Amino acid sequence: MRAVLLGPPGAGKGTQAVKLVEKYRIPQISTGDIFRKNIKEETELGKKVQEYTTSGRLVPDELVVDLVKDRLQQEDCKNGYLLDGFPRTISQAEQLDEYLKERGEQLDAVINFEVGHDTLMERLTGRRICKVCGAGYHVKNIPPRVEGVCDKCGGELEQRKDDTAETAEKRIAVYEESTAPLIDYYAKNGALKNFNAEKDHSIVFEEIIAALGE
Ligand code: AMP
């Protein structure tokens, strides 16, 4: 299964990715996670992308595409992968298509999450992430058993720097301008599958696997 998760920030892509990875036994490739890891480890790439990610702007295509191509060549991607947060521009999508063509591969599905603005803002500003294991929570919708503490590993929960109301608004606007055009792009090549992601995450998951098949 080669699939792309497409949708605005806060649509639930990461939440579904965790479940889909387990079900289909393929790796999740999240460009946002890769960037955050590099920023934390203060690598060269981390230094280059930090300013973009914290302000909610997109990292330039040339810093993203080669990174993803390298990752797709690793052994664990042989039988498929789940791209989460990539592509985010038409140019990234075209370069991904080119890469897939060279390898004689194609995307099986582009899973498009449809969610309204107010829900996105509520989800983004309430989101909390475990500092240690990266597990995701929401202060109201997916609360941990003990406030501020990860159920899975006991780590401290924190808010992503770009989940403040101001940066979240910016990221949604950037999505509308640069990423939403990919919906038409993938509708044309036939891989697009739309899901109402306002629904509870377990229902969305059932609907996705019903559409993708076993
Ligand atoms: P995410 O975790 O997917 O919300 O991504 C966090 C941030 O990383 C975004 O707001 C961008 O600054 C950057 N980013 C992640 N993926 C991409 C991409 N495919 N193209 C450009 N910037 C990206």
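Shown above is the structure to which this text applies.
Everything quoted here is computed from the prediction, not taken from an experiment.

### Points about the site of the ligand
Taken together, 17 residues surround the ligand, and among them Thr31, Arg36, Arg57, Gly85 and Gln92 come closest. Here valine 59 contributes a backbone N or O atom positioned 3.0 Å from a nitrogen atom of the ligand. At 3.4 Å, a side-chain N or O of arginine 171 approaches an oxygen atom of the ligand. When the ligand is considered free in solution it has 490 Å² of accessible area, and contact with the protein chains removes 95% of it. Listed by contribution, the elements that provide at least two residues to the shell around the ligand are α2 (31–40) and α3 (44–55). Of all the elements, α2 adds the most residues to the shell around the ligand, at 4 residues. Counted by class, the shell around the ligand contains 6 nonpolar, 5 polar and 6 charged residues.

### Section: unusual backbone geometry
Here the bond from phenylalanine 86 into proline 87 is cis, since omega is -5°, no more than 30 degrees from zero. Tracing the sequence through the fold places proline 87 in the loop between β3 (81–84) and α5 (90–102). Backbone geometry at arginine 25 places phi at a positive 55°, although glycine is not the residue there. Its place among the elements puts arginine 25 in the loop between α1 (13–24) and β2 (28–30). Even without being a glycine, glutamate 42 presents a positive backbone phi close to 55°. With respect to the helices and strands, the residue glutamate 42 is situated in the loop between α2 and α3. In this structure glutamate 42 comes out as exposed when scored by relative accessible area, which is 60%.

### Observations regarding the side chain of glutamate 105
Topologically, glutamate 105 is positioned in the loop between α5 and β4 (109–114). Within polar-contact distance, the side chain of glutamate 105 engages the side chain of arginine 2 at 3.3 Å. Not counting residues up to four positions away in its chain, the partners in contact with glutamate 105 are Arg2, Tyr81 and Leu100.

### Focus: the packing of aromatic side chains
Per the stated rule, a full pass over the model turns up 1 aromatic pair. Measuring from ring centre to ring centre gives 5.1 Å for tyrosine 185 and tyrosine 186, while their planes differ by 85°; the resulting arrangement is edge-to-face. Grouping residues by exposure puts tyrosine 185 and tyrosine 186 together as buried.

### So, the environment of isoleucine 208
Considering the arrangement of structural elements, one finds isoleucine 208 in helix α9 (residues 201–212). Isoleucine 208 sits 188 residues away from leucine 20 along the chain, and the two C-alpha atoms are 8.9 Å apart.

Criteria and cut-off values
- Residues numbered from 1 in each chain as written.
- Predicted model: local features only at pLDDT ≥ 70, side-chain atom pairs only at ≥ 80, totals over all residues.
- Heavy atoms only, no water.
- Near = heavy atom within 4 Å.
- Polar contact = N/O pair within 3.5 Å; in protein donor to acceptor, adjacent residues only side chain to side chain.
- Areas by Shrake-Rupley, 256 points an atom, 1.4 Å probe, with all protein chains shown as cover.
- Helix = DSSP H or I, 4+ residues; strand = E, 2+ residues; numbered from the N terminus.
- Nonpolar A, V, L, I, M, F, W, Y, C, P; charged D, E, K, R; others polar.
- Buried < 20%, exposed > 50% of the residue type's maximum accessible area, 1.4 Å probe, protein only.
- Contact = heavy atoms within 4.5 Å.
- Phe/Tyr/Trp six-rings, centres within 6.5 Å; stacked < 30°, edge-to-face > 60°.

Bear in mind that shape data such as this cannot, by itself, settle questions of function.
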